[in-house]
Amino acid sequence: QLIRVWALLDSPSTTGAYAFVLDPGRNMVMDVDVALYPRTEITRAGIAPLTSMYQVGENDDRMGYDWRPEIHDSDGLAICNGNGEWLWRPLVNPANLRINSFQDNNPVGFGLLQRDRNFDHYQDDGVFYDRRPSLWVEPRGDWGRGSVDLVEIPTVDETFDNIVAFWHPEKPLLPGREYLYSYRLHWGEQAPSRPYELATVQATRAGLGGVVGQKRSYFSRRFAVDFAGGALEMLGKDADVEPVISVSRGEVEITSARPLSAIDGYRAMFDLVPDDSVEPINIRLYLRLGGEALTETWLYQYTPPPVAKRQLY
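Everything quoted here is computed from the prediction, not taken from an experiment.

Here the focus is the overall build of the protein chain. Helix and strand counts for the protein chain come out as 0 helices and 22 strands. Relative to the compact-globule value of 20 Å for 313 residues, the protein chain shows a C-alpha radius of gyration of 21 Å, a close match. Sequence-distant contacts in the protein chain: of pairs separated by 6 or more residues, those separated by 24 or more amount to 66%. Of the roughly 16,100 Å² that the protein chain leaves accessible, carbon and sulfur atoms contribute 50%. Of the charged side chains in the protein chain, 31 are positive and 44 negative, and the gap between their average positions amounts to 2 Å.

Structure, rendered in structure tokens:
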């Protein structure tokens, strides 16, 4: 049975109205229609806002003082942009506030997802993070140009929703005008839209780089990204799969992509050698075969420690 809810918005900057149609079930579906009438110019509007929590995970153990190995409601931001490219951005619990914008034109969808469903990875028998639902936003109509914005806020407490994602229109919302947005929200174990023909990221891990058994003479950060699904499990062991890696700064070395039978997929590995700056470094990675993409695109933002704290152990 459908549930209908109507709501009014009234604030010093905006007035408006919302209509919600809820279809409960194993996967909750919610249709949302929004009408906004700004009273002042709004330069940073957030349409279809999502919140979640990320404290500790496989790729980020900065708050690793808890007995549980992972603590998060979501482990990544997924985007299918207007060009049909699938993106996966693992979440982090940063040392400082982070805001990232992923430019787009008429996005197909985006959401904060909990892909890791293995209880053993959390060991939480109180709130069961392995059962937390994912949330996918399916825009309706022409949303035009803008960006999916991701806000990551430092936290030491799992009760604080420190992750925010929303659609940010490129142009400001001006007073005296009407702005209409429609979208559908999907709550459930999996997003309804998935890159079926492409492999998806299963895990992201990071640690000290270098060659095992050899003394390190400089600092580097190693990344290991696991992909599964799509055509990967059908490839022969001699398939010439290559990782395509780009970074905004620094040097990439010791790259590889090899089969990982435990997940019927592939593991890509590489070391990033940062320069002396402590500004964030943006990283992109996907796997390809013969010029064709095999996977979604993995995005990451790594903040190098100060030079004096780059321990080689």
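We are not done yet, so read on.
Roughly 730 Å³ of internal volume is contained in the largest pocket. When residues of the lining of the largest pocket are traced back to their parent elements, those giving at least two are strand E15 (200-208), strand E16 (221-228) and strand E22 (297-302). Lining of the second largest pocket is provided by 33 residues; of these, Arg115, Gln190, Thr200, Val201 and Gln202 occupy positions nearest its centre. Ranked by residues supplied to the lining of the second largest pocket, first place goes to E15 with 5 residues. A class-by-class count of the residues in the lining of the second largest pocket yields 14 nonpolar, 10 polar and 9 charged.

Attention now goes to the sheet that holds E16. Taken together, 4 strands build an open sheet; the order of strands is E15-E16-E19-E18 and the sheet is antiparallel. Single-partner strands in this sheet number two, and they are E15 and strand E18 (251-260). Across this sheet, the average inter-strand angle for adjacent strands is 15°, counted without regard to direction. Two elements, E15 and E16, share 8 bridges in a ladder whose sense is antiparallel. Across the sheet, Thr204 pairs through a bridge with Val225, a residue of E16.

Grouped together as the largest cluster of nonpolar side chains are 32 residues, with contacts concentrated most on Ile47, Leu77, Phe110, Val137, Trp143 and Tyr183. If we ignore the near neighbours within four places in the chain, the residues touching Leu77 are Leu87, Trp88, Arg89, Leu91, Phe102, Gly111, Leu112, Val148, Leu150 and Ala165. Ranked by size, the runner-up nonpolar core spans 29 residues in total, among them Cys80, Val241, Ala268 and Leu285.

Our focus in this paragraph is the side chain of His186. Among the secondary structure elements, His186 is positioned in strand E14 (residues 179-188). At a separation of 2.9 Å, a polar atom in the side chain of His186 contacts the side chain of Glu138. If we ignore the near neighbours within four places in the chain, the residues touching His186 are Met28, Val29, Ser134, Leu135, Trp136, Glu138 and Pro192.

With that settled, the discussion passes to empty space enclosed by the protein. Enumeration according to the criterion identifies 1 cavity of 30 Å³ or more in this entry. Within this model, the largest cavity holds a volume of roughly 140 Å³. Lining the largest cavity are 15 residues, with Glu58, Asp75, Gln202, Ala203 and Thr204 sitting closest to its centre. At the level of elements, strand E8 (86-90) and E15 are the ones that each hand at least two residues to the lining of the largest cavity.

Picture the strands of a sheet paired through backbone hydrogen bonds; they go either parallel or antiparallel. Here we have 4 strands laid out as an open sheet, ordered E4-E13-E12-E9, and antiparallel in their pairing. Edge positions in the open sheet fall to strand E4 (47-52) and strand E9 (98-105), since each of these has one partner strand only. Sheet twist, expressed as the average angle between the axes of neighbouring strands with direction ignored, equals 15°. When E4 meets strand E13 (residues 163-169), the two strands line up antiparallel, connected through 4 bridges. Opposite Leu50, over in E13, you have Ala165 as the bridge partner.

Looking at where His72 falls in the secondary structure, it is placed in strand E6 (residues 71-72). Given the relative accessible area of 1%, His72 is considered buried. Considered as a pair, His72 and Pro306 are 234 residues apart in the sequence and their alpha carbons are 27 Å apart. Residue contacts for His72: discarding those within four places in its chain leaves Met53, Tyr54, Gln55, Val56, Gly57, Gln114, Tyr122 and Tyr129. Side chain to side chain, His72 and Glu70 meet in a polar contact 2.7 Å long.

This next bit is on the environment of Ala224. Among the secondary structure elements, Ala224 is positioned in strand E16. Residues Ala224 and Leu285, 61 residues apart in the sequence, show an inter-C-alpha distance of 11 Å. Those residues in contact with Ala224, other than ones at most four positions away along the chain, are Ala203, Thr204, Arg205, Arg267, Ala268 and Met269.

Rules used throughout
- Residues numbered from 1 in each chain as written.
- Predicted model: local features only at pLDDT ≥ 70, side-chain atom pairs only at ≥ 80, totals over all residues.
- Heavy atoms only, no water.
- Helix = DSSP H or I, 4+ residues; strand = E, 2+ residues; numbered from the N terminus.
- Rg over C-alpha atoms; globule rule 2.2 N^0.38 Å.
- Contact = heavy atoms within 4.5 Å.
- Areas by Shrake-Rupley, 256 points an atom, 1.4 Å probe, with all protein chains shown as cover.
- Lys, Arg positive; Asp, Glu negative; His and termini not counted.
- Charge placed at Lys NZ, Arg CZ, Asp CG, Glu CD.
- 1 Å grid on protein atoms, 1.4 Å probe; cavity = no way out; pocket = protein on both sides within 12 Å on 5 of 7 lines; lining within 4 Å.
- Points joined across faces, edges and corners; volume = space filled by probe spheres on them.
- Nonpolar A, V, L, I, M, F, W, Y, C, P; charged D, E, K, R; others polar.
- Pairing = 2+ DSSP bridges.
- Axes fitted to C-alpha atoms, helices over the stretch in contact; angles between N-to-C directions.
- Core = buried A, V, L, I, M, F, W, Y, C linked by side-chain atoms within 4.5 Å.
- Buried < 20%, exposed > 50% of the residue type's maximum accessible area, 1.4 Å probe, protein only.
- Polar contact = N/O pair within 3.5 Å; in protein donor to acceptor, adjacent residues only side chain to side chain.

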